[in-house]
Every structure is written in structure tokens, then in C-alpha cells.
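As a plain string of letters, each chain reads:
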Amino acid sequence: MYRVALTAGLAAALAGCSLGSSTISSGFAEDSKATAAISKSKAKSVGLGGEPSIPRTGNAAGVQVAALDKAPTGTFEKAPAGILADRDYSKTMLDAQMARDVINAYRKDKGLKPLKLSPELTEAAKAHARDLAKWDRISHYGSDGSNPWDRVKRTGYKARLTAENVGTGQIDFSEVMKGWKDSPGHNKNLLMTDADHMGVALVQDPKSEFKSFWTLVIGSPM
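Not measured: the values here are computed from a predicted model. The residue count restarts for each chain, going from 1 along the sequence in the order it is written. With the structure being a predicted model, the display of local features is reserved for residues of pLDDT at least 70 and the display and counting of side-chain atom pairs for 80 or more, all residues being used for whole-chain, interface and lining totals. Just so you know, side-chain values use all the structure's heavy atoms and leave hydrogens and water out.

Q: A description of the packing of aromatic side chains should follow, citing residues and the corresponding values.
A: How two aromatic rings sit relative to each other is given by the distance of their centres and the angle of their planes. Classification of ring pairs uses Phe, Tyr and Trp, with its six-membered ring standing for Trp, and accepts pairs whose centres are within 6.5 Å; under 30 degrees between planes counts as stacked, over 60 as edge-to-face, and the remaining range as tilted. Here the structure, examined in full by the defined rule, presents three aromatic pairs. Arranged with centres 6.3 Å apart and planes meeting at 50°, the rings of Phe173 and Trp214 form a pair that is tilted. Highlighted residues: Phe173 in helix H4 (residues 173–182) and Trp214 in strand E8 (residues 212–221), separated in sequence by 41 residues. The exposure classification of Phe173 matches that of Trp214, with both residues buried. Considering the side-chain rings of Phe210 and Phe213, the 6.2 Å spacing of their centres and the 85° angle between planes classify their relative orientation as edge-to-face. The same class applies to Phe210 as to Phe213, namely buried. Helix numbering and strand numbering both begin at the N terminus, where a helix is a DSSP run of H or I of at least 4 residues and a strand a DSSP run of E of at least 2. Note on classification: 1.4 Å probe, protein chains only; a residue is buried when its accessible area is under 20% of the maximum for its type, exposed when over 50%, partly exposed between these limits.

Below is the structure:
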């Protein structure tokens, strides 16, 4: 997972993480060693996130979770209470075709082929975004213990490779993209040479601390 703090005068905490895979046998794996970039400004800003492959003691908020939560201990983080309360999410929305076009324009600039929206990968993205919102956290593990590869497989998409980017707290897709492009792991997934398809989802919950939960799933079929 890569922690990303986008300040530019924002008194907020924005988080994102990414995982990718290139083979069926390995399922999913880290893109590289976890890195952190916390920008400094006059406004208070912190980066949140957790690397699923690195064991932690408990979770960031020290919260006890219900027994039905099967996500491995220490593989997620939660936002400090009220840290995003002053941000306006009233106009937060996702246009999947617009998001596809933004990603494809970026890929075109790098000489890469465009991605097509996949109903199956969209289903996988929606399922994970809903789960993150339900538990108000950021992680690549679902509450049922699933990883990105598991969720893609469940949709019936026969993947040769797949990757997942997650973001929480961003107000719009342009903010999400900026964070993903600025983070090595996220950016690597956006620019996967062999990728053919993508699915993207947004779930909002004003009662949660993270407020917005974004998931991008990229893949290529066998």
C-alpha cells in the first residue's frame, strides 16, 4: 500500500493503496516495497493507509471488530474521528465512462492501449467499495478475508492478470487520479502494458469517517 497525502491547502486525510498481479499462480502481490509520501503545508494533512502484506498489531484506531470480520489482523487502517468532517462531499459522484476516458488519455500519453469497461471487473470493484464503506476502512482484504484476485474470480472473469487500486476520502475522480498518478504503485497499475479491461466504483457514506470509497480493478483475460 502506498500512503498518499494530497495537500494543496486541503486540511484532510486522503488514502490510497494498490496491488497488482501478473500470474494466476501467484494470485496477487505487492508491486514494490511500501512507500510513504506526506506533503507539508500550512494546513494539517496526513497520509493514511496500511500495507496488507505487512503484519501489524491490531489496527490504526485500536478498534475491536466483530467475529464475522475475517480480514487478517492488522491489514487495514481506519480514519481518525472527524478528520474529514470539514470537506464537502455533496457533489461527489462517479461517471464510469468519464473515469475510463481519463485513464485512457493518460495511458495514450504513455503509448499504451486503451482499456475497455468490463461488467465483471466493475462488479468486483463495487463489491469491494461497498465492503470498505461498511467497515469504514481502507484495505485490499474484504471482511470475508478475500483478496483482489478472489473477488475478480467470483465474477466469472477468467483473469490472466489483475490489479487493484483503492482510495478513500477523495472528493472527485480527478483527486483520486492525482493521488494514483503520484504514487509509484498506483501508477504502475494504471500503466499496466498488458491490461485490457477495467472496472471502477464509488461508494459514499456520510456517516463514515472516510466518506468516500473508490476502487479500480484492472485486468486482462486468459
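Q: So what's going on with the pairing of strand E6 (residues 159–168)? Which residues, and what values?
A: In terms of burial, E6 is largely enclosed, as nine of its 10 residues are buried. Any two strands with at least two DSSP-identified bridges between them are counted as paired. By the bridge criterion, nine bridges tie E6 to E8 in an arrangement that is antiparallel. Considered in E8, the bridge of Glu164 is made with Val217.

Q: I'd like a description of helix H2 (residues 119–135), backed by residues and values.
A: At 3.6 residues per turn, the α-helix brings residues three or four places apart onto the same side. Take the number of residues in a helix, subtract one, and multiply by 1.5 Å to get its expected span. With 17 residues, H2 extends 25 Å from end C-alpha to end C-alpha; this agrees with the ideal 24 Å at 1.5 Å per step. The set of residues buried in H2 consists of Leu121, Thr122, Ala124, Ala125, His128, Ala129, Asp131, Leu132, Ala133 and Trp135. When checking whether two residues touch, look at their non-hydrogen atoms; a contact exists if any pair is within 4.5 Å. Each element contacted by the buried residues of H2 is listed here: helix H3 (148–154), E6, strand E7 (197–204) and E8. One or two positions beyond H2, positive phi appears at Asp136, with a value near 50°.

Q: Break down the environment of Asp205 for me, with residues and values.
A: By the element assignment, Asp205 lies in the loop between E7 and E8. On the basis of relative accessible area, Asp205 is assigned to the partly exposed category, the value being 25%. When the C-alpha atoms of Asp205 and Tyr89 are compared, they prove to be 9.7 Å apart, with 116 residues separating the residues in sequence. Contacts of Asp205, omitting those with residues within four sequence positions, involve Ala133 and Lys211. Within the local environment of Asp205, its side chain forms a polar contact with the backbone nitrogen of Lys207, the two atoms lying 3.0 Å apart. Two N or O atoms form a polar contact when they lie within 3.5 Å of each other; inside protein one atom must be a possible hydrogen donor and the other a possible acceptor, and for residues adjacent in sequence the pair counts only when both atoms belong to side chains.

Q: Talk me through the confidence of the model for the protein chain; I want residue IDs and the actual numbers.
A: Averaged over the protein chain, the pLDDT score is 77; the fraction of residues at 70 or greater is 71%. The pLDDT value tells you how sure the predictor is about a given residue, anywhere from 0 up to 100. With pLDDT under 50 throughout, residues 21–65 is counted as low confidence; its partners more than four residues away or in other chains account for 115 contacts.

Q: How would you explain unusual backbone geometry if you had to name every residue and give the values?
A: One non-glycine residue, Asp136, lies in positive phi territory at about 50°. Mapped onto the secondary structure, Asp136 falls in the loop between H2 and H3. Even without being a glycine, Lys211 presents a positive backbone phi close to 70°. By the secondary structure assignment, Lys211 is in the loop between E7 and E8.

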